[in-house]
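Fold and contact review
So the chains spell out like this:
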Amino acid sequence: MNDHPVIARIRLNPHSRDVQRDLRDATQMHRTVMRTVPDHLGESPRHRAGLLYRLEETDSASTLIVQGNDLDPAGLPAGYGHAEVKSLTPMFSALRKGLAVRYRIVVNPAKRERLPQTENKHGKIIALSGPDADQWWIRRATDAGLQLHIITLTTMAPVRPRGKQATAMRHSLLRYDGTATITDPTALAEAVRSGIGRGKPYGAGLLSLAPASAP
């Protein structure tokens, strides 16, 4: 596997039946994205492949951003879309303390319900929204080596896994965009590689960075 992952921007073909199916079904989207990484990765193949992805939709196009240690878009269904792949090594090399950056991330903010100590079981996962979600993102960004300056929230359509073996849990997705200053390049590099928060198989957790424009 590569020390630094690569990223693929896949402009989806709206006429593809596979694309139309995947846009309706988060479980199928995950299966399709997994086709871009090597086979035989053993247990937790998504984690071992470093696979993260995010769907970006506008009125005119849908684009799949996929990050992984070893991506091959040729594994996608025929006619799925046009892919451009580039190395993230220059981005990782540029990370330094004090650098101003723009960021984008789709997250699934959640917390585990606290149960009385007498109950020997885990509490259910509770989705966060509003100020609670914002504070969740601020804490996670701080831990990831970012001091946030601008936070712009966009509520995304929720996703629910489908299929016989899928859980009944609905994943509430929020997108955060803004600007920040790097405080810990090492922690930030790890957050980019590993993703942030829950819901990674369903399009959450991929942190994208770019240099902030000069004022």
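Located above this text is the structure these notes cover.
Residues numbered from 1 in each chain as written. Predicted model: local features only at pLDDT ≥ 70, side-chain atom pairs only at ≥ 80, totals over all residues. Heavy atoms only, no water.

Sheet architecture is open: 4 strands sit in the order E8-E9-E5-E10, paired in antiparallel fashion. Single-partner strands in this sheet number two, and they are strand E8 (146–155) and strand E10 (207–211). Strand-to-strand twist across the sheet, computed as the mean angle between neighbouring axes with direction ignored, equals 20 degrees. Where E8 and strand E9 (residues 174–182) come together, 9 bridges link them in antiparallel fashion. Opposite Thr 152, over in E9, you have Asp 177 as the bridge partner. Lying on the sheet, helix H5 (residues 130–143) is in contact with strand E5 (100–107), E8, E9 and E10; it crosses E8 at an angle near 145 degrees. Helix-sheet contacts for helix H6 (residues 185–194) involve E8, E9 and E10, and the interaxial angle to E10 is about 130 degrees. (Pairing = 2+ DSSP bridges. Helix = DSSP H or I, 4+ residues; strand = E, 2+ residues; numbered from the N terminus. Axes fitted to C-alpha atoms, helices over the stretch in contact; angles between N-to-C directions. Contact = heavy atoms within 4.5 Å.)

Scanning all chains against the criterion turns up 6 salt bridges. Notably, a salt bridge pairs Asp 22 with Arg 21, separated by 2.9 Å at the nearest N-O pair. When its relative accessible area of 2% is taken as the criterion, Asp 22 is described as buried. Taking the shortest distance from any N to any O, the salt bridge between Asp 177 and Arg 104 comes out at 2.4 Å. Of this pair, Asp 177 sits in strand E9 while Arg 104 sits in strand E5; the two residues are 73 residues apart in sequence, bridging distant segments of the chain. (Salt bridge = Lys/Arg side-chain N within 4 Å of Asp/Glu carboxyl O. Buried < 20%, exposed > 50% of the residue type's maximum accessible area, 1.4 Å probe, protein only.)

Moving on to the sheet that holds strand E3 (residues 62–68). One open sheet accounts for 4 strands, arranged E2-E3-E1-E4; its pairing is antiparallel. Lying at the two open borders of the sheet, with one neighbouring strand each, are strand E2 (52–57) and strand E4 (81–87). Neighbour-to-neighbour, the strand axes of this sheet turn through a mean angle of 15 degrees, independent of strand direction. Note that strand E1 (residues 6–12) and E3 share 6 bridges and pair antiparallel. Looking across to E3, one finds that Ile 7 is bridged to Gln 67. Docked against the sheet, helix H2 (residues 26–34) engages E2 and E3, running at close to 120 degrees with respect to E2.

Another point: the side chain of Glu 56. Mapped onto the fold, Glu 56 is located in strand E2. Within the structure, the side chain of Glu 56 is placed 2.9 Å from the side chain of Arg 54, a separation counted as a polar contact. Look past the residues within four positions of Glu 56 in its chain and what remains in contact with it is Arg 9, Ala 61, Ser 62, Thr 63, Ile 65 and Arg 104. (Polar contact = N/O pair within 3.5 Å; in protein donor to acceptor, adjacent residues only side chain to side chain.)

Moving on, we get to the packing of helix H1 (residues 17–24) against H2. Interhelical geometry of H1 versus H2 gives an angle of 125 degrees and a closest axis separation of 5 Å. Judged by the angle between their axes, H1 and H2 are oblique. Crossing hand, H1 versus H2: left-handed. On H2, the residues touching Arg 21, Asp 22, Leu 23 and Arg 24 of H1 are Ala 26, Gln 28, Met 29 and Thr 32. Grouping the constituent residues of the contact of H1 with H2 by class yields 3 nonpolar, 2 polar and 3 charged. (Parallel < 35°, antiparallel > 145°, perpendicular 65-115°, else oblique. Left-handed = near helix turned anticlockwise from the far one by under 90°. Nonpolar A, V, L, I, M, F, W, Y, C, P; charged D, E, K, R; others polar.)

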